[in-house]
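One-letter residues, chain by chain:
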Amino acid sequence: GLRGEELFTPPPRRQRELHQLLREPAVEQEAQHATAAAGKLLDARRYPFLFLGAALSQPPTPAPPEAALADPPTPSSGSCSGVPPRWQSRGAGGAWPSPRFCDWLPGTACPVVDCAGAALLPPEALGFVERGAPCILRGLSVFPAAMAKWSFNYFSKELLSTELSVFDSADGNYSYWYGKPNNAGFAFAQPTEHRSCSFHEFLRRRCSRRGGVDHCPGGGGALAGGRGRGGDSIGGVEDTAVAGEGAGLESLYLQDMFWKDHPGREHPFRREIMGKSLMRDWEHSLSWETLAQVQQAGRLGGLTTSSFFCSGVGAYSRPHYDQNSNLYLQVRGAKRWLLFAPEDGAMLYAYPKGHPLDRKSRLDFEALDLEAFPGAAGLRGRGVVAELWPGDVLWAPSHWWHAVESLEPETLSLNFWWNPSDDLRQLGPGQAMMELSRDVESVLQATLGAPSVETFLSDWHADRLPGSLVECRLRCLLLARLVALRHVGRLPGDAWRSLLRLLDPRRYTGLRFERGPPPAPPSPAPPLPQPQQQSGQGAEPPAAALRVLPACSGPVRRVHVGRDWEAAVQCRKGSANSASAASHWGARHRRRQKR
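Overview of the structure. (Residues numbered from 1 in each chain as written. Predicted model: local features only at pLDDT ≥ 70, side-chain atom pairs only at ≥ 80, totals over all residues. Heavy atoms only, no water.)

Things to note about the overall build of the protein
- A tally of regular secondary structure across the protein gives 17 helices and 15 strands.
- A total of 595 residues make up the protein; the buried ones form 51% of that total.
- Within the protein, counting contacts between residues at least 6 apart in sequence, those at least 24 apart form 80% of the total.
- Carbon together with sulfur atoms contributes 52% to the accessible area of the protein, which is approximately 27,200 Å² in total. (Helix = DSSP H or I, 4+ residues; strand = E, 2+ residues; numbered from the N terminus. Buried < 20%, exposed > 50% of the residue type's maximum accessible area, 1.4 Å probe, protein only. Contact = heavy atoms within 4.5 Å. Areas by Shrake-Rupley, 256 points an atom, 1.4 Å probe, with all protein chains shown as cover.)

Set out below in structure tokens:
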């Protein structure tokens, strides 16, 4: 029961007996008691998937079989060198940079739906939205004014704010973390510097890094009076790293919001940053019917954010996933996306919950380290490649992993993000399993402390019994909750292994904490030995009888059991005051537990 294997992944010949066992009143009663205890210890509002579950029992949606690529070579090592190139881009005359991923990762091209210039999605496109599968909507007229007018030159005139979000890095490597709190106490150096400036200043600084305004594409038109399309900006969307293909690449990128639905704002439009012409674009050209259609078909929550991204050749967004569904309009330039389904999340080794790079993969797609992350070999041929040209719209459902590369000097994109539905059952099985794993990891960190989670998960994966009483009780509590989810039909038997794979302890490999590595948890103490001869009441207990549990951030404190051993020795000796001694130490232990 502690290991959970027989409960959740039994051999087929025992499947019938297991179902009968799970329907036993005693098992159901124990699960109800554990649920009641969990409700007292854990806030169900903080861990909704651990308490309510979601659509974990639904079969996963298979990827569309169309546009399959040739069978990729089997990875034999972490390096991508030596693998013959197999991805043929439809890029502009070979001017686009090489893909930033190993050749054996992609397996299919993203399906393309021709919308024929209409503003509403055709039935074929709605099918992808309903299934939660990505697709490219080509010829969708969702924002005609943006396609006709928007450019870096246009933005230099129409963006009025002097407080646009610009990110800078001394070495050209970026991580999109937006100052997330380091709640788990990981040793983490701030990878980027956040600056605020106007769009005009952003272009000027980017050009100055290339050796002056005269070196900017377009002859510096945006800076010299509006001729041309302005300078080329490179930056990126989320987790950006600039490709090192030449010394002329800039090291700034810009990302900010046009529209933000926030309780503190009177109106979601950020009118204060937009000129009159730009505001008219939003008021008269954007097809709100299209957005409403996507929201209804995808069973999504409310529209929360619309962001714009300015980048240039080589800007690279490392693999990550978003918890919001995304409709992504490519306005200028081109981008290459590599996507993986939520069911592949275990093979992508996300940073632990509470890390500033939470929801980001630890993998380097250009040089996969299969020794540190062996599960990444399973990504062979599972990637979906999408190349976006101006006017293309990508539907990217929530929890789909993606890495994005900018391919042209002036790359401008606009997206729309929706919150998930309030009904957790609307999430697909892969998405719900990812959120369930985050809930479990949050409970582990809150109870044991983040430095001890790796050891706890290692024991669980290796089928070793817990190393301490605290860990034993915690594992029992989590298993009881999962049994309760299975009772209500939320957790099928095969989902147990999927959950453990998402909680792979290798995700913590090489990470350090601000307070240093935690002490190794003690192994289970052997039975107390029988004392052979005691020479007085001050007899020392054997070393095997002393155990100190690691300090926890939860309700459990340090426990020292040496005194309990001494009381047991006195009882065995038949001392006149043995009963009082045992009562004394027992009452003291109970008071300590109560505190």
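That shown, we press on.
Brief notes about the packing of helix 12 (residues 429-448) against helix 13 (residues 453-461)
- For the pair helix 12 and helix 13, interaxial distance at closest approach is 10 Å and the crossing angle is 125°. Comparing the axis directions of helix 12 and helix 13 gives the class oblique. Seen along the crossing, helix 12 lies across helix 13 with a hand that is right-handed. In this structure, helix 12 uses Leu-444, Gln-445 and Leu-448 to contact helix 13, whose residues at the interface are Val-453, Phe-456 and Leu-457. (Axes fitted to C-alpha atoms, helices over the stretch in contact; angles between N-to-C directions. Parallel < 35°, antiparallel > 145°, perpendicular 65-115°, else oblique. Left-handed = near helix turned anticlockwise from the far one by under 90°.)

A look at the packing of aromatic side chains
- One pass over the structure, following the stated rule, counts 25 aromatic pairs.
- Between Phe-143 and Trp-282, the ring centres sit 5.3 Å apart and the planes meet at 75°, which makes this aromatic pair edge-to-face. With Phe-143 in the loop between strand 3 (135-138) and helix 6 (144-149) and Trp-282 in helix 10 (residues 276-284), this pair connects stretches of sequence that are 139 residues apart. Across the pair, exposure class does not vary: Phe-143 and Trp-282 are buried alike. (Phe/Tyr/Trp six-rings, centres within 6.5 Å; stacked < 30°, edge-to-face > 60°.)

What about the pattern of salt bridges?
- All chains considered together, the criterion is met by 15 salt bridges.
- In this structure, Arg-138 engages Asp-392 in a salt bridge whose closest nitrogen and oxygen atoms are separated by 2.9 Å. A residue pair is termed long-range when its members are at least 10 positions apart, and Arg-138 in strand 3 and Asp-392 in the loop between strand 12 (383-388) and strand 13 (393-396) qualify at 254 residues.
- Salt-bridge contacts for Asp-281 lead to Lys-149; the nearest nitrogen and oxygen are separated by 2.7 Å. Of this pair, Asp-281 sits in helix 10 while Lys-149 sits in helix 6, and the two are 132 residues apart along the sequence.
- Residues participating in the shared-partner salt-bridge network are Asp-256, Arg-270 and Glu-272. (Salt bridge = Lys/Arg side-chain N within 4 Å of Asp/Glu carboxyl O.)

Let's talk about the nonpolar core
- Core analysis: the largest hydrophobic core is formed by 62 residues, its most contacted members being Leu-105, Leu-363, Phe-365 and Leu-436.
- Sorting the residues of this core by element identifies helix 4 (48-52), strand 11 (335-340), strand 14 (401-406), helix 12, helix 13, helix 14 (469-487) and helix 15 (495-502) as the ones contributing at least two each.
- In terms of residue count, the dominant contributor to this core is helix 12 (eight residues).
- Residues Ala-125, Trp-259, Met-279 and Trp-418 belong to the second largest nonpolar core, which totals 53 residues. (Core = buried A, V, L, I, M, F, W, Y, C linked by side-chain atoms within 4.5 Å.)

Here's the deal with the sheet that holds strand 3
- Pairing is mixed in the open sheet, where nine strands are placed in the order 2-3-13-10-15-8-7-4-5. Each having just a single partner strand, strand 2 (112-114) and strand 5 (193-197) make up the two edges of the open sheet. In this sheet, neighbouring strand axes are inclined to one another by 25° on average, regardless of whether the strands run parallel or antiparallel.
- Pairing geometry for strand 3 and strand 13, over three bridges, is antiparallel. Each residue of the ladder has a partner; that of Cys-135, found in strand 13, is Trp-395.
- Sitting on the sheet, helix 5 (residues 123-131) touches strand 2, strand 3 and strand 13, and the angle it makes with strand 2 is about 145°.
- Contacting strand 7 (252-260), strand 8 (303-311), strand 10 (325-332), strand 13 and strand 15 (411-418), helix 11 (residues 288-297) crosses the sheet at an angle of about 50° to strand 15. (Pairing = 2+ DSSP bridges.)

Re the side chain of Ser-151
- In this fold, Ser-151 is placed in the loop between helix 6 and helix 7 (152-158).
- For Ser-151, a relative accessible area of 6% puts it in the buried group.
- From its side chain, Ser-151 meets the backbone nitrogen of Tyr-154 in a polar contact 3.2 Å long.
- Ser-151 has contacts with Arg-332, Glu-410 and Leu-412, leaving out every residue within four places of it along the chain. (Polar contact = N/O pair within 3.5 Å; in protein donor to acceptor, adjacent residues only side chain to side chain.)

Re helix 13
- Within the sequence span of helix 13, burial applies to Val-453, Phe-456, Leu-457, Asp-459 and Trp-460. Looking straight down helix 13, one finds its buried side chains confined to an arc of 160°; they lie on one side.
- Where helix 13 is buried, its residues contact helix 12, helix 14 and helix 15.
- Just downstream of helix 13 lies Asp-463, where phi reads positive at about 60°. (Arc of directions from axis to C-beta.)

What about the pairing of strand 12?
- Counting buried positions along strand 12 yields six of six residues, so the element is predominantly enclosed.
- By the alternation rule, side chains of strand 12 split into Gly-383, Val-385 and Glu-387 and Val-384, Ala-386 and Leu-388, which are all buried.
- As paired strands, strand 1 (residues 106-109) and strand 12 are joined by three bridges and run parallel to one another. Bridge pairing links Pro-106 to Gly-383 in strand 12.
- Looking at chain direction, strand 11 and strand 12 are connected through five bridges and run antiparallel. If you follow Lys-335 over to strand 12, its bridge partner there is Leu-388.

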